[in-house]
Amino acid sequence: MYVNPVFRPLFKSTCRYNVLKGGAGAGKSRAIAQYIVWRLNDRADFKVLAMHKIAEKIKETVFAELNTAIKEAGLSDLFKATTSPYSITHRNGNKVIFMGLDDPDKLKSISGINLIWMEEADMFEEGDFNQADTRLRGKCAYKHQLILSFNPTSELSWLKSTFFDQDYGDTLILESTFRDNEFLDAEYKAALERKGRSDMNFLRVYMNGEWGRVSTEGMFYKNFDSFRNVGDQATYDPDKPIWLSFDFNVQPYCACTIWQLGDEKTLLLVDEIALKSPRNTTKYVCQEFARRYAAHRAGVFVTGDPNGRKEDTRSERGYNDYTIIYNELESFRPSVRQHTKAPNIVPRGTFINDILANNYEGLQLFVNRKCPETIKDLTYQKEAAGGLKDKSKAKNKDGISVEKYGHMSDTLDYLVTMVWAAHYEDHQRGPKPMQYLVGHKVHNARFRT
């Protein structure tokens with residue numbers, strides 16, 4: 001059985017965690033299938049669990065790959081495959097069972113597993129991985145192994161923070177692209193190249209195997225680019241004023257973003273505060289800001305959701321979110337700059353997207369890397385009908401219905417339309433009309449006949 005050289009370290013691996021990240025056509029899945037078939041053939045009492053997050057995709061992914069690897073290795077006579085339920089069994093008794101993980105609790109009934117393969121692991125939640133990891137236990141003649149294969153579709157993925165942003169330990173990492181696959185046909189390579197020329201995110205994720213976002217289709221902030229708009233230039237300067245922008249929610253957190261102007265046409269998001277229960281109140285957010293920026297003396301401006309002026313959620317008459325902010329941050333002498341009402345969602349979204357895409361009127365936005373909730377919002381906030389933000393809710397792990405995205409990006413919207421109010425108004429009016437010179441017609445003697 002010939003194995004692509006880039007994947008040969010997998011066949012020698014003694015690591016518990018084996019992480020294969022790469023682009024389309026890199027050959028990751030085929031190499032893993034080859035490895036599993038090899039182990040099923042040369043080991044005794046060996047049991048494998050092959051998983052896909054979506055049960056309906058098992059047939060066309062892990063099941064198909066393993067059957068192809070068996071056939072290519074010339075071992076078809078040694079294996080029996082069934083589809084109801086899906087399973088592959090070697091003549092020696094070794095077996096592969098298959099599972100879709102629409103419900104992580106299904107894993108609790110699995111035992112005696114030596115190796116787990118999580119295909120398209122970027123579709124799984126971190127909790128799914130943790131649950132799978134607990135299934136690899138007990139006495140075994142061979143070291144338990146967990147293999148994860150995926151395209152790097154999101155730089156915010158738990159896979160990145162777990163295995164690539166830190167040393168997780170006992171881990172083999174293999175990265176590959178279609179250029180490493182010597183078996184790939186020229187027609188497929190040409191198709192990838194054509195797609196990559198017209199789609200930058202496709203180029204990053206599926207061709208170069210880099211972290212990114214595959215598509216902005218259906219997203220509210222279509223022109224946010226985590227490579228272009230996230231960077232080290234968004235760092236705190238103690239000599240410049242701070243702008244605070246609030247969104248007064250309690251679930252999934254109480255949101256505040258911390259901004260500074262690099263110059264009059266550059267806004268820098270230097271920090272964020274996202275306090276969860278039981279500290280998800282305006283008061284605690286202010287106290288957290290005061291703790292982080294206790295030495296700041298260059299001035300503080302405050303803006304945010306105009307609904308913060310309402311008293312209906314306050315325990316004392318005469319108090320609202322903005323009076324709480326003023327009282328808690330009194331030592332900073334905050335200056336409150338509020339919208340009389342929230343800017344309309346569609347025009348403010350168009351304005352911000354034009355800034356992100358084309359630096360409208362020379363305006364620029366940059367986000368510090370330590371603002372993950374804002375980056376998630378700008379990356380994954382969906383667009384609803386009519387160009388509005390999708391504010392649909394889903395239950396979190398505690399059974400509470402929450403809007404997963406939209407809170408940090410709302411603070412951005414309030415801030416941008418306040419600080420750049422004049423540009424925002426000009427943007428809503430549309431392009432300036434052509435100016436005509438009115439006066440008497442003057443003939444040029446040089447052109448008289």
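Use the structure listed above.
This one's a predicted model, so the numbers in the text were calculated from it and none came from an experiment. (Residues numbered from 1 in each chain as written. Predicted model: local features only at pLDDT ≥ 70, side-chain atom pairs only at ≥ 80, totals over all residues. Heavy atoms only, no water.)

*Asks:* What's the story with the nonpolar core in this structure? I'm lost.
*Replies:* Counting 32 residues, the largest nonpolar core has Ile36, Leu66, Val96 and Phe98 as its most contacted members. Those elements giving two or more residues to this core turn out to be α1 (8-12), α2 (28-42), β2 (47-52), α3 (59-72), β5 (95-100), β6 (115-119) and β8 (171-176). Counting residues per element, this core draws most heavily on α2, at seven residues. If sequence neighbours within four positions are ignored, Leu66 has contacts with Ala33, Ile36, Val37, Ala50, Ile88, Val96, Phe98 and Trp117. Listed in part, the 25 residues of the second largest apolar core include Phe351, Leu356, Leu363 and Leu365. (Core = buried A, V, L, I, M, F, W, Y, C linked by side-chain atoms within 4.5 Å. Buried < 20%, exposed > 50% of the residue type's maximum accessible area, 1.4 Å probe, protein only. Helix = DSSP H or I, 4+ residues; strand = E, 2+ residues; numbered from the N terminus. Contact = heavy atoms within 4.5 Å.)

*Asks:* Teacher, can you tell me more about the packing of helix α10 (residues 345-358) against helix α13 (residues 421-429) here?
*Replies:* Helix-helix packing: each pair is described by the crossing angle between the helix axes and the interaxial distance. Two numbers describe how α10 lies on α13: the axes approach to 10 Å, and their chain directions differ by 105°. Regarding the angle of α10 to α13, the classification is roughly perpendicular. Between α10, through Pro347, Arg348, Thr350, Phe351 and Asp354, and α13, the contact on the second element is made entirely by His423, Tyr424, His427 and Gln428. Partitioned by chemical class, the residues of the contact of α10 with α13 number three nonpolar, four polar and two charged. (Axes fitted to C-alpha atoms, helices over the stretch in contact; angles between N-to-C directions. Parallel < 35°, antiparallel > 145°, perpendicular 65-115°, else oblique. Nonpolar A, V, L, I, M, F, W, Y, C, P; charged D, E, K, R; others polar.)

*Asks:* What exactly am I supposed to notice about the sheet that holds β6 here?
*Replies:* Strand pairs in the sheet, formed through backbone hydrogen bonds, run parallel or antiparallel to each other. Across the sheet, eight strands lie side by side as β3-β4-β5-β2-β6-β7-β1-β8; this open sheet has mixed pairing. Since the sheet does not close on itself, it has two edges, and those belong to β3 (79-83) and β8, each with one partner. Direction aside, neighbouring strands of the sheet carry axes that sit 15° apart on average. Two elements, strand β4 (residues 86-90) and β5, share three bridges in a ladder whose sense is antiparallel. Within β5, the residue paired with Ser87 across the bridge is Ile97. Packed on one face of the sheet, α2 meets β1 (17-22), β2, β3, β4, β5, β6, β7 (145-150) and β8 and runs near 165° to β6. Here helix α4 (residues 126-135) sits on the sheet and contacts β1, β6 and β7; the angle it forms with β6, its principal contact strand, is near 165°. (Pairing = 2+ DSSP bridges.)

*Asks:* Just checking my understanding: could you explain the environment of Ala24 for this structure?
*Replies:* Structurally, Ala24 is set in the loop between β1 and α2. Under the relative-accessibility criterion, Ala24 is labelled buried at 15%. With 165 residues separating them in the primary sequence, Ala24 and Lys189 have C-alpha atoms 9.9 Å apart. The contacts of Ala24, once residues within four sequence positions are left out, are Asn151, Phe178, Tyr188, Leu192 and Tyr206.

*Asks:* Help me understand the pairing of β1 in this model?
*Replies:* Side chains on a regular strand alternate between the two faces of the sheet. Across the six residues that make up β1, a large majority, six, are buried. Burial of the side chains of β1 extends over both faces: Tyr17, Val19 and Lys21 are buried on one face and Asn18, Leu20 and Gly22 on the other. Bridge count between β1 and β8: six bridges; the pairing is parallel. Note that in β8 the partner of Asn18 across the bridge is Leu172. As defined by bridge partners, β1 adjoins β7 across five bridges and the pair is classed as parallel. Its bridge partner being in β7, Tyr17 is matched across the sheet by Leu146.

*Asks:* Quick question: what am I supposed to make of the pattern of salt bridges here?
*Replies:* When their charged atoms lie close together, side chains carrying opposite charge are able to pair. Inspection of the entire model under this criterion finds 25 salt bridges. Here Arg369 makes a salt bridge to Asp232, at a shortest N to O gap of 3.8 Å. Here the residue Arg369 occupies a position in the loop between β14 (364-367) and α11 (372-380), and Asp232 occupies one in the loop between α7 (200-207) and β9 (242-247), the gap between them amounting to 137 residues. Lys389 is the salt-bridge partner of Asp413, the closest N and O atoms lying 3.0 Å from each other. Of the two residues, Asp413 is situated in helix α12 (residues 407-419) and Lys389 in the loop between α11 and β15 (394-395); the sequence distance between them amounts to 24 residues. The pair Asp413 / Lys389 is uniform in exposure class, with both members buried. Taken together, the salt bridges that share partners define one network made up of Arg348, Lys389, Lys391, Glu403, Asp410 and Asp413. (Salt bridge = Lys/Arg side-chain N within 4 Å of Asp/Glu carboxyl O.)

*Asks:* Honestly, the side chain of Thr303 in this entry has me stumped. Any pointers?
*Replies:* Residue placement: Thr303 occurs in strand β12 (residues 300-304). Among the residues examined, Thr303 registers a relative accessible area of 0% and is labelled buried. Ignoring any residue separated from it by four or fewer positions in sequence, one finds Thr303 in contact with Trp243, Leu244, Ser245, Phe246, Tyr322, Arg337, Gln338, His339, Tyr414, Leu415 and Met418.

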